[in-house]
Amino acid sequence: MAATPIAVITGASSGIGAATARQLAAAGYRVVLTARRKDRIEALAAELTDAGHQATAYALDVTDRAAVDEFATAFRSLAVLVNNAGGALGADPVATGDPADWRQMYETNVIGTLNLTQALLPALTASGDGTIVILSSTAGLSTYEGGGGYVAAKHGEHVLAETLRLEIVGTPVRVIEIAPGMVKTEEFATTRFRGDTERAAKVYAGVDAPLSADDVADTITWAVTRPSHVNIDLLVVRPRAQASNSKVHRSL
């Protein structure tokens, strides 16, 4: 009897990460949930276990390389790695942006993805059929005013995915990049604006049906469950109301 394939999801405490964990668990994966907020992922693991799925929680900061390396020792073989941990801070112009914010975004979005990918690549390769998902953003493909730091970080993550795919072609590991546009989750914009819920709400004001975390999780799960020889190199997913990072239809 074949062992249940294992999927590691970073940033699984809320939003897209939590939704992806639920959908991959329903698709038959044993999910390993990682995030800094231990209580959140333990609650999600309990929810999934109660529903008859296999789930484990592991508190992890993706920017802590020593902790990531220790985490990786638990896996001889791994089917899927979903690099979801990331996020944005601030929306200031380049001229006045806080370098500390830029540094933190780069560390989380790019170095965090690099840390997990490097540490788990041997286990993914050993599986004979591994998949790396890098959740970037349409911000990694084009820029917009006030987004310089986040855009720079997501461009870095996009290039990481492209380069890795070139370097490991011929090995039994796929590299999938999912680049969402406007996604309304409970925390993304609020975190970006440091708890200013009024300013966060304005991001989505008048937009008819922005993407949800479940929409993106569905896209990730679809890409991961394609036949082994099929690689979804880059999938851009936006709500119908959004034509680009700077062109959004609002009914106000």
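Bear in mind the structure is a predicted one, so any value in this text is a computation, not a measurement.

(A) Seen up close, the sheet that holds strand β2 (residues 30-35). In spatial order, the strands read β3-β2-β1-β4-β5-β6-β7; together these 7 strands make up an open sheet with parallel pairing. The two strands at the open ends of the sheet, each matched to only one other strand, are β3 (55-59) and β7 (234-237). Neighbouring strand axes in the sheet, compared pairwise and without regard to direction, differ in orientation by 15° on average. Running at roughly 175° to β3, helix α2 (residues 38-50) makes contact with β2 and β3 of the sheet. Those strands touched by helix α5 (residues 148-168) are β4 (80-83), β5 (130-135), β6 (173-180) and β7, and its axis lies near 160° from that of β6.

(B) The packing of aromatic side chains, seen in detail. Taken as a whole and assessed by the stated rule, the structure comprises 3 aromatic pairs. Here the aromatic rings of F71 and F75 are separated by 5.2 Å at their centres, their planes lie at 70°, and the arrangement is edge-to-face. The two residues F71 and F75 agree in class, both being buried. Of the aromatic side chains, those joined through ring pairs into one cluster are Y58, F71 and F75.

(C) Geometry of the side chain of R192. Mapped onto the fold, R192 is located in helix α6 (residues 188-192). Buried charge R192 goes without a salt bridge, the closest partner of opposite sign being D92 at 8.9 Å. Polar side-chain contacts of R192 include one of 3.0 Å to the side chain of Y144. Among all residues touching R192, those that are not within four sequence positions of it are A88, L89, G90, A91, Y144, G146, G147 and Y150.

(D) Inspection of the nonpolar core at higher detail. Core analysis: the biggest nonpolar cluster contains 36 residues, and I9, L24, Y29, V31, L33, I178 and I220 have the highest contact counts within it. Residue contacts for I9: discarding those within four places in its chain leaves G17, T20, A21, L24, V31, V32, L33, T34 and V82. Formed by 34 residues, the second largest nonpolar core is a distinct cluster that contains F75, L124, L160 and A161.

(E) Representation of the packing of helix α4 (residues 99-126) against α5 in the model. Across the interface, α4 lies against α5 with an axial gap of 7 Å and an inter-helix angle of 20°. When the axes of α4 and α5 are compared, the pair comes out roughly parallel. Every pair of crossing elements has a handedness; the one defined by α4 and α5 is right-handed. Residues W102, M105, Y106, N109, V110, T113, L114, T117 and L121 of α4 lie in contact with α5, whose contacting residues are G148, G149, Y150, A152, A153, K154, G156, E157, L160, L164 and I168.

Conventions and cut-offs
Residues numbered from 1 in each chain as written. Predicted model: local features only at pLDDT ≥ 70, side-chain atom pairs only at ≥ 80, totals over all residues. Heavy atoms only, no water. Pairing = 2+ DSSP bridges. Helix = DSSP H or I, 4+ residues; strand = E, 2+ residues; numbered from the N terminus. Axes fitted to C-alpha atoms, helices over the stretch in contact; angles between N-to-C directions. Contact = heavy atoms within 4.5 Å. Phe/Tyr/Trp six-rings, centres within 6.5 Å; stacked < 30°, edge-to-face > 60°. Buried < 20%, exposed > 50% of the residue type's maximum accessible area, 1.4 Å probe, protein only. Lys, Arg positive; Asp, Glu negative; His and termini not counted. Salt bridge = Lys/Arg side-chain N within 4 Å of Asp/Glu carboxyl O. Polar contact = N/O pair within 3.5 Å; in protein donor to acceptor, adjacent residues only side chain to side chain. Core = buried A, V, L, I, M, F, W, Y, C linked by side-chain atoms within 4.5 Å. Parallel < 35°, antiparallel > 145°, perpendicular 65-115°, else oblique. Left-handed = near helix turned anticlockwise from the far one by under 90°.

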